[in-house]
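Residue-level listing of the chains:
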Amino acid sequence: MRKFIDKIKPAFEKGGKFGFLHSTFDAFESFLYVPDTVTRRGSHVRDCVDLKRIMIIMVLALVPAMLFGIWNTGYQHSLAFGLKDWGFWNMVGYGLVKVIPLYLVSYIVGLAIEFVSAQIRGHEVNEGYLVSGMIIPLIVPADVPLWMLAIAVAFAVILGKEVFGGTGMNIWNPALLARAFLFFSYPSVMSGDKIWTPGVSRYLAEGHAYACGDGLVDAFSGATPLAHASVDGLQAAGTSLWDMFAGVIPGCVGETSVIAILIGAVILIWTGVASWKIMFSAVVGGLAIGYLGYAAGATDLPGYYQLVMGGFAFGAVFMATDPVTSAQTETGKWIYGFLVGALAVTVRLFNPGYPEGMMLAILLMNTFAPLIDHYVVSGSISRRARKFKTAK
């Protein structure tokens, strides 16, 4: 393979027969092999970790959530339709049928736009979309129409990333922009308390009754736990704290299992790819507002319930920690993470029209992250200036 690539490589160099496809060829070569480019002058920073390795680690960290989501998609379908004879592999098979098309649409549409943009600019194709393309199918319902997903991906990549200059230049998290586009453009598909069990929502939309006689079990509520955000509501729905922690509940593909998400968090923290400060402070912020709302009577759920409901854990681990759109300073990370967690729970408790607040919280804090860093840096400069004057 290496010999073949080296043989055809001159044709794709600038000035070669296929020089106009240099960016595309370089992207495939970089995907297969580590680039052989080296610094020719003294470099200020030397590190073996490059963008490619960081993106691959992020993808690996998302695999547990993806695998569990595939199984849970089939499990929720079997539960909804009372398919008691379904075993593990039946559920996995159904989940694959539902989830694989989401990934195909996400990567085909997103990478196509990335390649075209790189060709137009004459730049290299960056690996940034490997992670965005992995996350987007995990934060949407399994039965979202594929054409809607394609439009959302195109919107996120073009207007949320490429217009700012590509990977590393975007202001907002591209994956969350795709979800936001779906939420505001097609609210009936993305509302926080929608039935997110494949087959059930379509079954009801066709006018079928929601009863045991039509093949659905009585105990299945068909709504996400956020729709039952009270002790009585969760008990009536038959949803326990363990169910939400393990992830055996309806919801977006990869957001339900806190256990799978925590495995990914350990990988990211151990490798140093994501900031534990942002994750920890987001949890503190969520608990603070959660218990404040509990004490004020805004909810009868203790604060720790907020951490295992909806997309809080997934957002805190995989999206709030995005190194491009989050705060860069160490103090700023604490402030940024705390506000993400606090705002997410605030939206949940005090905005009845939208029971899930993590998406809006992260996008809002993406906007203010540069401002947070600005004041942190300005404050540090002012303190040093005062110390210098005192020393003199």
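- If you look the protein up in an unreviewed UniProt entry, it shows as Na(+)-translocating NADH-quinone reductase subunit B from Candidatus Cryptobacteroides merdavium.
- The Subcellular location (unreviewed entry) comment attached to the protein in UniProt states, word for word, "Cell membrane".
- Check the Sequence similarities (unreviewed entry) section of the UniProt entry for the protein; it says "Belongs to the NqrB/RnfD family."

## A few points about the overall build of the protein
- A tally of helices and strands in the protein yields 17 helices and zero strands.
- The buried share among the 392 residues of the protein stands at 51%.
- Put simply, of all contacts in the protein between residues at least 6 apart along the chain, 71% involve residues at least 24 apart.

## Some details on the pattern of salt bridges
- One pass over the full model with this rule turns up four salt bridges.
- Here Glu-255 makes a salt bridge to Arg-179, at a shortest N to O gap of 3.0 Å. Taken together, the residues span a long stretch of sequence, with Glu-255 in the loop between helix 11 (241-246) and helix 12 (258-271) and Arg-179 in helix 7 (residues 174-185) at a distance of 76 residues. For the pair Glu-255 and Arg-179, a shared accessibility class is recorded, and that class is buried.

## Examining helix 7
- Between the first and last C-alpha of helix 7 there are 16 Å, a value that for 12 residues agrees with the 16 Å anticipated at 1.5 Å per step.
- Of all 12 residues that make up helix 7, 10 are buried, and the element is covered over most of its length.
- Residues Pro-174, Ala-175, Leu-176, Leu-177, Ala-178, Arg-179, Ala-180, Phe-181, Leu-182 and Phe-183 constitute the buried set of helix 7.
- Taking the backbone nitrogen of Ala-175 as reference, a side-chain oxygen 3.0 Å away marks Asn-173 as the first, capping residue of helix 7.

## Some points on the packing of helix 6 (residues 146-160) against helix 7
- With their axes 8 Å apart at the nearest point, helix 6 and helix 7 run at an angle of 130° to one another. With respect to helix 7, the axis of helix 6 lies oblique. The way helix 6 lies across helix 7 gives a crossing that is right-handed. Across the interface between the two elements, Met-148, Leu-149, Ile-151, Ala-152, Phe-155, Ala-156 and Gly-160 from helix 6 touch Pro-174, Leu-177, Ala-178, Phe-181 and Leu-182 from helix 7.
- Its residues placed into classes, the contact of helix 6 with helix 7 shows 11 nonpolar, one polar and no charged.

## Observations regarding a positive patch on the surface
- Taken together, the side chains of Arg-383, Arg-384, Arg-386 and Lys-387 present a region of like positive charge at the surface.
- For Arg-386, the location among the structural elements is in helix 17 (residues 358-391).

## Section: the environment of Ile-113
- Mapped onto the fold, Ile-113 is located in helix 4 (residues 88-121).
- Sequence spacing of Ile-113 and Ile-158 is 45 residues, and the spatial spacing of their C-alpha atoms is 7.4 Å.
- With residues near it in sequence (within four places) discarded, Ile-113 still touches Ala-154, Val-157, Ile-158 and Glu-162.

## Structural notes on the packing of aromatic side chains
- Tallying each qualifying case throughout the model produces 15 aromatic pairs.
- Here Tyr-103 and Tyr-107 contribute two aromatic rings whose centre-to-centre distance is 6.4 Å and whose plane-to-plane angle is 20°, an arrangement assigned as stacked. Of the two residues, Tyr-103 and Tyr-107 both sit in helix 4, four residues apart, roughly one turn of that helix.
- Pairing Phe-183 with Phe-184 gives two aromatic rings, centres 4.9 Å apart and planes at 80°, and the pair type is edge-to-face.

## Let's talk about a nonpolar patch on the surface
- Together, Ile-269, Trp-276, Phe-280, Val-284, Trp-334, Ile-335, Phe-338 and Leu-339 make up an exposed nonpolar region whose accessible area comes to about 680 Å².
- Looking at the nonpolar patch, the elements that each hand over two or more residues are helix 13 (276-296) and helix 16 (330-350).
- The element that contributes the greatest number of residues to the nonpolar patch is helix 16, accounting for four residues.
- The topology assignment puts Phe-338 in helix 16.

## A look at the nonpolar core
- Counting residues in each nonpolar core, the largest one holds 91 residues, and the members touching the most others are Leu-62, Ile-135, Leu-268, Phe-314, Phe-318, Tyr-336 and Ile-362.
- Counting residues per element, this core draws most heavily on helix 3 (residues 51-80), which supplies 10 residues.
- Filtering out sequence-adjacent residues up to four positions away, Phe-318 remains in contact with Met-58, Ala-61, Leu-62, Ile-135, Ile-261, Gly-264 and Leu-268.

## A word on the side chain of Asn-170
- Tracing the chain through its elements places Asn-170 in the loop between helix 6 and helix 7.
- Polar contacts involving the side chain of Asn-170 include one to the main-chain carbonyl oxygen of Trp-172, which spans 3.0 Å.
- Beyond its immediate chain neighbours, meaning those up to four positions away, Asn-170 contacts Gly-160, Lys-161, Phe-164, Asp-322, Val-324 and Thr-325.

## Remarks on the confidence of the model for the protein
- Mean pLDDT over the protein stands at 81; residues scoring 70 or higher make up 77%.
- Within the protein, the lowest mean pLDDT, 44, falls on helix 9 (residues 200-205), and the highest, 95, falls on helix 12.
- Low pLDDT, under 50, characterises residues 201-222; the predicted model gives this stretch 39 contacts beyond four residues in sequence or across chains.

## Some points on the UniProt feature "transmembrane region" (unreviewed entry) in the protein
- The sites that carry the UniProt feature "transmembrane region" (unreviewed entry) are, in the present numbering, residues 54-71, 91-116, 128-159, 248-271, 278-297, 303-321, 333-351 and 357-377.
- The annotated region residues 91-116 carries 100% helix and 0% strand content, and the separation between its end C-alpha atoms amounts to 38 Å.

Conventions we followed
Residues numbered from 1 in each chain as written. Predicted model: local features only at pLDDT ≥ 70, side-chain atom pairs only at ≥ 80, totals over all residues. Heavy atoms only, no water. UniProt positions renumbered as here; feature names shortened; annotations may be inferred. Helix = DSSP H or I, 4+ residues; strand = E, 2+ residues; numbered from the N terminus. Buried < 20%, exposed > 50% of the residue type's maximum accessible area, 1.4 Å probe, protein only. Contact = heavy atoms within 4.5 Å. Salt bridge = Lys/Arg side-chain N within 4 Å of Asp/Glu carboxyl O. Expected span 1.5 Å × (residues − 1). Polar contact = N/O pair within 3.5 Å; in protein donor to acceptor, adjacent residues only side chain to side chain. Axes fitted to C-alpha atoms, helices over the stretch in contact; angles between N-to-C directions. Parallel < 35°, antiparallel > 145°, perpendicular 65-115°, else oblique. Left-handed = near helix turned anticlockwise from the far one by under 90°. Nonpolar A, V, L, I, M, F, W, Y, C, P; charged D, E, K, R; others polar. Patch = residues over 30% accessible without salt bridge, like charges linked within 9 Å, V, L, I, M, F, W, Y side chains within 5 Å. Areas by Shrake-Rupley, 256 points an atom, 1.4 Å probe, with all protein chains shown as cover. Lys, Arg positive; Asp, Glu negative; His and termini not counted. Charge placed at Lys NZ, Arg CZ, Asp CG, Glu CD. Phe/Tyr/Trp six-rings, centres within 6.5 Å; stacked < 30°, edge-to-face > 60°. Core = buried A, V, L, I, M, F, W, Y, C linked by side-chain atoms within 4.5 Å. pLDDT = per-residue confidence, 0-100.

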